[in-house]
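Residues per chain, in single letters:
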Amino acid sequence: MELMEAIQNRRSVRKFSDYYVTDEEIKEIIDAARRAPSWANTQVWEFIVVREQELVKRVTETYSESNPARQCSMAASVIIVACAKTDISGCRDGKDRTKFHEWFMFDLGLAVQNLCLKVHELGLGTVIVGSINHEACGKLLLLPGGHEVIVALPIGKPADTGEKRIPPRKELKTFVHLNKFGEHYGKIY
Ligand SMILES: Cc1cc2nc3c(=O)[nH]c(=O)nc-3n(C[C@H](O)[C@H](O)[C@H](O)COP(=O)(O)O)c2cc1C
């Protein structure tokens, strides 16, 4: 699949058919995630592949009540919970290297985007779920100290819902600046 096609056509998918995602597909998806760049190549991600139906339900119950991803997650054949080791990325000897403490969030974002694009390339769909009770989810999955749950990713084959609406993106001219903030970059608008 061509890169720009994947970037443009990937969508958050919140309705799945009853297709069972295979272990081989899961392997390929996580293999794409692990190829992401990270702070000093620290690779602080940990992926918990939730396959047991009862546990899939219990993970879904940690989502915010009105979360639009609840229904598709409840019956998903897999939820990948993306977690991170803290205090490593962007840190040295326990000290932050910059004003930001949570570089692990950045690294996880890169890995999760790789994951989402691979899911799309395989003809599957997913949605990043961040509105979740992170503490409760971590407890449920026996996540050790020094780690955080970041997002959950239910994966399945997209059901044909007839939905063709594409969430709009801002125009370049509203957020691209030339040399200094607020200066227009007219040549590319
Ligand atoms: C960090 C993050 C957290 C998100 N959390 C949720 C969520 O809890 N529930 C949900 O249904 N979608 C969630 N989304 C999906 C966004 O709503 C979606 O990406 C956005 O509306 C753009 O749509 P698109 O992915 O189809 O381009 C999240 C996305 C990101 C990047």
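Below: a short report on this structure.

The rules behind these values
Residue numbering note: each chain is counted from 1, following its sequence as written. Per-residue local features are limited, in this predicted model, to residues with pLDDT of at least 70; the limit for side-chain atom pairs, both in listing and counting, is 80 or more; totals at the level of whole chains, interfaces and linings are taken over all residues. Only heavy atoms go into the side-chain values, all of them from the structure, while hydrogens and water stay out. Salt bridges are defined by distance alone: a side-chain nitrogen of Lys or Arg within 4 Å of a carboxyl oxygen of Asp or Glu. Counting from the N terminus, the helices are DSSP H or I runs at least four residues long and the strands are E runs at least two residues long. Any residue under 20% of the maximum accessible area for its type is buried, any over 50% is exposed, and the rest in between are partly exposed; the area is computed with a 1.4 Å probe on protein chains only. Only protein atoms enter the 1 Å grid, on which a cavity is a set of points fitting a 1.4 Å probe that cannot get out and a pocket is an open set with protein on both sides within 12 Å along at least 5 of 7 lines, lining residues being those with an atom within 4 Å of a point. Grid points are joined across faces, edges and corners, and a volume is the space filled by probe spheres set on the points. Residues are grouped as follows: Ala, Val, Leu, Ile, Met, Phe, Trp, Tyr, Cys and Pro are nonpolar; Asp, Glu, Lys and Arg are charged; every other residue, Gly included, is polar. When DSSP locates at least two bridges between a pair of strands, those strands are taken to pair. The contact criterion used throughout is that any non-hydrogen atoms of two residues lie within 4.5 Å. Axis lines are fitted to C-alpha atoms, over the contacting stretch for helices. Their N-to-C directions set the angle, which ranges from 0 to 180 degrees. By arc we mean the arc of the directions from the helix axis to the C-beta atoms, nothing more.

For the structure on display, the rule yields 6 salt bridges. Linking Glu-28 and Lys-118 is a salt bridge whose minimum nitrogen-to-oxygen distance equals 3.7 Å. With a gap of 90 residues between them, Glu-28 in helix H2 (residues 23-33) and Lys-118 in helix H5 (residues 103-121) connect regions that are remote in the sequence. The class for Glu-28 is partly exposed, based on a relative accessible area of 30%. A relative accessible area of 19% means that Lys-118 is categorised as buried. Between Asp-31 and Arg-35 there is a salt bridge whose closest N-O contact spans 3.1 Å.

For the structure on display, the rule yields 1 cavity of 30 Å³ or more. Its boundaries defined by the atoms lining it, the largest cavity holds a volume of some 40 Å³. Lining the largest cavity are Arg-10, Arg-11, Ser-12, Cys-116, Thr-126, Val-127 and Ile-128. Grouping the constituent residues of the lining of the largest cavity by class yields 3 nonpolar, 2 polar and 2 charged.

This brings us to the sheet that holds strand S1 (residues 45-50). Remark on secondary structure: sheet strands pair via backbone hydrogen bonds, oriented parallel or antiparallel. Here 4 strands make up an open sheet; going across it, the order is S1-S2-S6-S5 and the pairing antiparallel. Two strands lie at the open edges of the sheet, namely S1 and strand S5 (125-126), each paired on one side alone. The sheet contact formed by S5 and strand S6 (residues 147-156) spans 2 bridges and is antiparallel. The residue of S6 that forms the bridge with Gly-125 is Gly-156. Sitting on the sheet, helix H3 (residues 53-60) touches S1 and strand S2 (78-85), and the angle it makes with S2 is about 60 degrees. Running at roughly 10 degrees to S6, H5 makes contact with S1, S2, S5 and S6 of the sheet.

In this section: the environment of Ala-152. Examined against the element boundaries, Ala-152 turns out to sit in strand S6. According to the relative accessible area criterion, Ala-152 is buried, its value standing at 0%. Look past the residues within four positions of Ala-152 in its chain and what remains in contact with it is Tyr-63, Ile-79, Ile-80, Val-81, Val-127, Ile-128, Val-129 and Ile-132.

What follows concerns H3. Every buried residue of H3 is listed here: Val-56, Val-59 and Thr-60. Across the axial projection of H3, the buried residues extend over an arc of 100 degrees, all falling on one side. Among the structural elements, S1, helix H4 (70-74), S2 and helix H6 (134-140) are those in contact with the buried residues of H3.

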